[in-house]
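Next come the chains, spelled out residue by residue.
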Amino acid sequence: MKLSIFTVATPDLTPEELAKAATTAGIEGIEWRFKDTPAEVANEKPSFWRNNLCSIDPSASDEELERFRLIAVNNNLVNLSVTPYLNDCNVDETERVFKAAKKVGASFIRCGVPNYDKSVNYNDLFAKATDYLHHVQEFSQQYGIKALAEIHHNTITPSAGLSHRLVSQFNPDHIGVLHDAGNMVHEGFENYRMGLELLGPYLAHVHVKNAQWVPTGETQDGIKLWKSEWAPIDAGIVNWKQLLVDLKAVGYDGYLGIEDFSGQYGSQEMLNNFSSKVKEWLA
């Protein structure tokens, strides 16, 4: 298994700085965040989901996309993914991501999965996602780029089981699953090995991060309340050493994508720490 970095986790680095930092840490692939930066947040301190300096703007010109392609190539890194936010399952926006990914030379994009907040029936959202993924599969065939549905809390795919239910209607050569055990701490925990076995050929990529549950200090009707929050890789609920054993057991040999939101490290320190920990556990 090789390491990649999703640039949402390195908001304070420019793309050029990220490439150098990744190389220093022994990371081999880049997953580019594909999101605009609104003018009103451009002067804020860099942050994961607002003023992120390491992102491809969806309105980027061909010249700008070539810049991102070459940043990786010139540093002997792989342009692994273009990773947008497509939870509305907009078909036209999704094709624009495929086109950008083709120009950057990426192997994957993250496709859309509807959010779930109880306001719309799950079955209706599932039907919407199924119709959307038929279009996505056609784009995947057309552009030669695989689309990944991510296991993510607050969506209709919070677990391996529900992700498999959605993608199993499609060809695993074109539609796969991005496994994310850190997200499953918030919602969707299942036995990791069982989920990996279930996904089988649909297991296409893995994100590596961690989270934990902590008491809020509040009660409701006498019940102690808890909340989930991000944690460093070796301080959360996910036992990554065991999960890496499980990944090996099912024959996974793809990338492990670093994605830390604990906020406890600077970007270079975070990359170095994650890289050394994961390599130690893989040994």
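Structure: see above.
Residues numbered from 1 in each chain as written. Predicted model: local features only at pLDDT ≥ 70, side-chain atom pairs only at ≥ 80, totals over all residues. Heavy atoms only, no water.

**Q** Got a sec to walk through the nonpolar core? Specific residues and values, please.
**A** Formed by 83 residues in total, the largest nonpolar core has its most connected members in Ile 5, Trp 240 and Leu 256. The greatest single-element share of this core, amounting to nine residues, is contributed by helix α4 (residues 122–143). Once you skip the residues sitting within four places of it in the chain, Ile 5 turns out to touch Thr 10, Leu 18, Ala 22, Ile 27, Gly 29, Ile 30, Glu 31, Ile 258, Met 270 and Leu 271. Of all hydrophobic cores here, the second largest spans six residues; its members include Leu 148, Leu 178, Ala 204 and Tyr 255. (Core = buried A, V, L, I, M, F, W, Y, C linked by side-chain atoms within 4.5 Å. Buried < 20%, exposed > 50% of the residue type's maximum accessible area, 1.4 Å probe, protein only. Helix = DSSP H or I, 4+ residues; strand = E, 2+ residues; numbered from the N terminus. Contact = heavy atoms within 4.5 Å.)

**Q** If you had to explain the packing of α4 against helix α5 (residues 160–167) to someone new, which residues and values would you point to?
**A** Helix-helix packing is described using two parameters, namely the angle between the two axes and the distance between the axes. With their axes 10 Å apart at the nearest point, α4 and α5 run at an angle of 50° to one another. It follows that α4 is oblique to α5 by the angle criterion. Residues Tyr 122, Phe 126, Ala 129, Thr 130 and Leu 133 of α4 form the contact with α5, whose participating residues are Leu 162, Arg 165 and Leu 166. Here the contact of α4 with α5 is built from residues that sort into six nonpolar, one polar and one charged. (Axes fitted to C-alpha atoms, helices over the stretch in contact; angles between N-to-C directions. Parallel < 35°, antiparallel > 145°, perpendicular 65-115°, else oblique. Nonpolar A, V, L, I, M, F, W, Y, C, P; charged D, E, K, R; others polar.)

**Q** Summarise helix α1 (residues 15–24); cite the residues concerned and give the values.
**A** Every buried residue of α1 is accounted for by Pro 15, Leu 18, Ala 19, Ala 21 and Ala 22. The arc that holds every buried residue of α1, seen down its axis, measures 170°, which confines them to one face. In α1, the exposed positions angled more than 90 degrees off the buried face are occupied by Lys 20 and Thr 24. Packing partners of the buried residues in α1 comprise β1 (2–6), β2 (29–34), α2 (62–73) and α9 (267–282). (Arc of directions from axis to C-beta.)

**Q** So what's going on with the packing of aromatic side chains? Which residues, and what values?
**A** Here the structure, examined in full by the defined rule, presents ten aromatic pairs. Taking the centre distance of 5.9 Å and the plane angle of 20° together, the rings of Phe 98 and Tyr 143 count as stacked. Taken as a pair, Phe 98 in helix α3 (residues 91–104) and Tyr 143 in helix α4 lie far apart in primary sequence, 45 residues in all. Looking at Phe 98, the relative accessible area reads 0%, which means it is buried. For the pair Phe 139 and Tyr 143, a centre-to-centre distance of 6.5 Å together with 55° between the ring planes defines the contact as tilted. With Phe 139 and Tyr 143 both in helix α4 and four residues apart, the pair spans about one turn of that helix. (Phe/Tyr/Trp six-rings, centres within 6.5 Å; stacked < 30°, edge-to-face > 60°.)

**Q** Residue-level account of helix α8 (residues 240–249), with values.
**A** Of the positions making up α8, those classed as buried are Trp 240, Leu 243, Leu 244, Asp 246 and Leu 247. One side of α8 carries all its buried residues, which in axial view fall inside an arc of 155°. Among the structural elements, α6 (181–186), α7 (192–199), β8 (203–208), β9 (210–220), β11 (255–258) and α9 are those in contact with the buried residues of α8. The N-cap residue of α8 is Asn 239: its side-chain oxygen and the backbone nitrogen of Lys 241 are 3.3 Å apart. Two residues or fewer after α8 comes Gly 251, characterised by a positive phi angle close to 85°. (Polar contact = N/O pair within 3.5 Å; in protein donor to acceptor, adjacent residues only side chain to side chain.)

**Q** Quick rundown of the state of the cysteines? Include the residues and the values.
**A** Going through the model one piece at a time under the given rule, you end up with zero disulfides. The structure places no disulfide on Cys 89, whose sulfur is separated from the nearest cysteine sulfur, that of Cys 111, by 7.9 Å. Of the residues examined, Cys 89 reaches a relative accessible area of 8% and is grouped as buried. (Disulfide = S-S within 2.5 Å.)

**Q** Before we move on, could you go through the pattern of salt bridges and cite the residues and values that matter?
**A** Applying the stated rule across the entire model yields ten salt bridges. The salt bridge involving Lys 209 is made with Asp 180; its shortest N-O contact spans 2.4 Å. A residue pair is termed long-range when its members are at least 10 positions apart, and Lys 209 in the loop between β8 and β9 and Asp 180 in strand β7 (residues 175–180) qualify at 29 residues. Here Arg 193 ties to Asp 246 by a salt bridge, and the two come within 2.8 Å at their closest N and O atoms. Of the two residues, Arg 193 sits in helix α7 while Asp 246 sits in helix α8, which places them 53 residues apart along the sequence. Judged by its relative accessible area of 29%, Arg 193 falls in the partly exposed class. Judged by its relative accessible area of 7%, Asp 246 falls in the buried class. Look at the salt bridges and you will find they share partners, linking Asp 180, Lys 209 and Glu 259 into a network. (Salt bridge = Lys/Arg side-chain N within 4 Å of Asp/Glu carboxyl O.)

The values reported here are purely geometric and, on their own, carry no functional implication.
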